[in-house]
Amino acid sequence: MGPYIYTPSSAYSAPSANGTLSKEGLPVALEVTEPLLQKFLDGMARLEADLVRRWTTLERQGTRSRAE
């Protein structure tokens, strides 16, 4: 995101709690963008988990093929 740093709210915080966005150490208002950024980060986490699962499956299949 360039000079911006986004820190999501804690999983244990209140549902109305927002993450923080800063640029060069100064806060940026998140009234609209926080839910969108959180949705994006959640989607990226799901994609990462799916890729790890698929890579692990492929590695196991490759190991079995070589052993046979």
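In the block above lies the structure referred to throughout.
We now turn to the structure provided with this report. As the structure is a prediction and not an experimental result, all values here were calculated from the model.

## Focus: the environment of Gly2
- With respect to the element layout, Gly2 can be found in the segment before β1 (4-7).
- For Gly2, a relative accessible area of 68% gives the class exposed.
- Sequence spacing of Gly2 and Lys23 is 21 residues, and the spatial spacing of their C-alpha atoms is 8.9 Å.

## Some points on the pairing of strand β2 (residues 20-23)
- Both β1 and β2 contribute to a ladder of four bridges, which runs antiparallel. Across the sheet, residue Tyr6 finds its bridge partner in β2, namely Leu21.
- Count of turn residues in the β2/strand β3 (residues 26-28) antiparallel hairpin: two residues, of which Glu24 carries a positive phi of about 55°.

## Some points on unusual backbone geometry
- Positive phi values are uncommon outside glycine, yet Glu24 reaches one of about 55°.
- The residue Glu24 is located in the loop between β2 and β3 in this model.

## Section: the sheet that holds β3
- Ordered in space as β1-β2-β3, the three strands form an open sheet in which the pairing is antiparallel. Only two strands of the sheet have a single neighbouring strand rather than two, namely β1 and β3. Ignoring which end each strand starts from, the neighbouring axes of this sheet average 35° apart.
- Pairing geometry for β2 and β3, over three bridges, is antiparallel. Residue Leu21 lies in a different strand from β3, and its bridge partner there is Val28.

So, how was this worked out
Residues numbered from 1 in each chain as written. Predicted model: local features only at pLDDT ≥ 70, side-chain atom pairs only at ≥ 80, totals over all residues. Heavy atoms only, no water. Helix = DSSP H or I, 4+ residues; strand = E, 2+ residues; numbered from the N terminus. Buried < 20%, exposed > 50% of the residue type's maximum accessible area, 1.4 Å probe, protein only. Pairing = 2+ DSSP bridges. Axes fitted to C-alpha atoms, helices over the stretch in contact; angles between N-to-C directions.

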